[in-house]
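# A closer look at the structure
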Amino acid sequence: MRLKSLALALAGVALSAMAAVAQTAIKPAIVYDKGGKFDKSFNEGVFVGAEKFKAETGVEFRDFEPTNDAQIEQALRRFARDGHSPIIAVGFSQATALQKVAAEFPNLKFTIIDMVVELPNVQSVVFKEHEASYLVGLLASLASKTGKVGFVGGMDIPLIRKFACGYVQGVKAGKKDAEIFQNMTGSTPAAWNDPVKGGELAKSQIDRGADVIYHAAGGTGIGVLRAAADAGKLGIGVDSNQNMLHPGKVLTSMLKRVDVAAYTSFKEARDGTWKPGVSVLGLKEDGVGWALDDNNKALITPEMKAAADKARADIIAGTVKVHDYMSDSKCTM
């Protein structure tokens, strides 16, 4: 009996060891969008999520910052050949490359953020950016003293029009007669990383009376926020919490939880619960939201917070419908 008990105990130890090995047997990797890893916005949010996973588990990850489209496919394929899995492709522009590479390596796991790729080994994560853009638009209208606010987008694509349309609807909900100025930075990927032009566009809107400006422009938005702060106006950040960039001069930041998407992809792969398919994250799922912290709490009155909280609850309940520009390529607000 004693030998039998010892054998069972040893078997249990062996199974536990095997489970531990299986749990850590992943080689995660990231290919960022072309705005750069430290854009203080979209890419950096992904990096933060990966760093959180690394801190909790000790599992290292590899990453790469492409400067052109050709490098994206090369990086994805190189990581795949080296056996990395899961591999996160950051941004809609990686869809074509990922479609090719994921098909070539069917036994590896891939996650794409901001686009849907329908393959049995791809997990697609998209967001309801228009919902949180509505909330920051509402806050912008309530904070504005001139009744004029602005929006600066990055690359002129339907996804960024989706941000803009939700923002306009939120502004109009707060002040029906508010005036909204809109500019896109450009029509190529360079539009994501041009803070000088972002600043120039923000200044032109300020010259026309805008006193709150929301950007959805990646690294270009750093120039938008700086121009607003320098002029004594308010900016609104995007994707990551950018309130700390100009404390007291950033009204809030529209949060798009790409950090959670990255962390979850790695964690699920490690835990054996990773699944392909499409995840759509909105207010209900806490996939999007707005930032309130010590850097902006003096700018958000109790009435403004109550209005935003009510709007959030109404959107989740379905009593307020926020139009998704990408559903029909229209914004009639």
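Residues numbered from 1 in each chain as written. Predicted model: local features only at pLDDT ≥ 70, side-chain atom pairs only at ≥ 80, totals over all residues. Heavy atoms only, no water.

## Things to note about the sheet that holds strand β8 (residues 212-216)
Read across the open sheet, the 6 strands follow the order β7-β6-β8-β9-β10-β12; overall the sheet is mixed. Edge positions in the open sheet fall to β7 (179-186) and β12 (288-290), since each of these has one partner strand only. Ignoring which end each strand starts from, the neighbouring axes of this sheet average 15° apart. Strand direction decides the pairing type here: strand β6 (residues 148-155) and β7, joined by 7 bridges, are parallel. Its bridge partner lying in β7, Val152 is registered against Asn183. Here helix α7 (residues 195-207) sits on the sheet in contact with β6, β7 and β8, set at roughly 160° to β7. Along the sheet, helix α8 (residues 221-230) makes contact with β6, β8 and β9 (234-239), crossing β9 at roughly 160°. (Pairing = 2+ DSSP bridges. Helix = DSSP H or I, 4+ residues; strand = E, 2+ residues; numbered from the N terminus. Axes fitted to C-alpha atoms, helices over the stretch in contact; angles between N-to-C directions. Contact = heavy atoms within 4.5 Å.)

## Looking at the nonpolar core
Ranked by size, the top nonpolar core spans 64 residues in total, and within it Ile30, Phe151, Phe163, Tyr167, Tyr214 and Leu251 carry the most contacts. For this core, the leading source of residues is helix α5 (residues 129-143), giving 8 residues. Residues in contact with Ile30, not counting those within four places in the same chain, are Val46, Ala50, Phe61, Arg62, Asp63, Phe64, Phe79, Ile88, Val90 and Phe266. In terms of nonpolar packing, the next biggest core, distinct from the first, is built from 20 residues, Ala29, Phe79, Val101 and Phe105 among them. (Core = buried A, V, L, I, M, F, W, Y, C linked by side-chain atoms within 4.5 Å. Buried < 20%, exposed > 50% of the residue type's maximum accessible area, 1.4 Å probe, protein only.)

## A short note on the packing of aromatic side chains
All chains considered together, the criterion is met by 8 aromatic pairs. Centre to centre, the rings of Phe38 and Phe47 are 5.3 Å apart; their planes meet at 80°, and the pair counts as edge-to-face. Between Phe151 and Tyr167, the aromatic rings sit 6.1 Å apart at their centres with planes inclined by 40°, giving tilted as the arrangement. Of this pair, Phe151 sits in strand β6 while Tyr167 sits in helix α6 (residues 158-174); the two residues are 16 residues apart in sequence, bridging distant segments of the chain. Looking at Tyr167, the relative accessible area reads 0%, which means it is buried. Taken together through their ring pairs, the aromatic side chains of Phe38, Phe47, Phe53, Phe61, Tyr263 and Phe266 make up a single cluster. The side chain of Arg78 reaches across the aromatic face of Phe64, ending 5.2 Å from its centre. (Phe/Tyr/Trp six-rings, centres within 6.5 Å; stacked < 30°, edge-to-face > 60°. Lys NZ or Arg CZ within 6 Å of the ring centre and 35° of its normal.)

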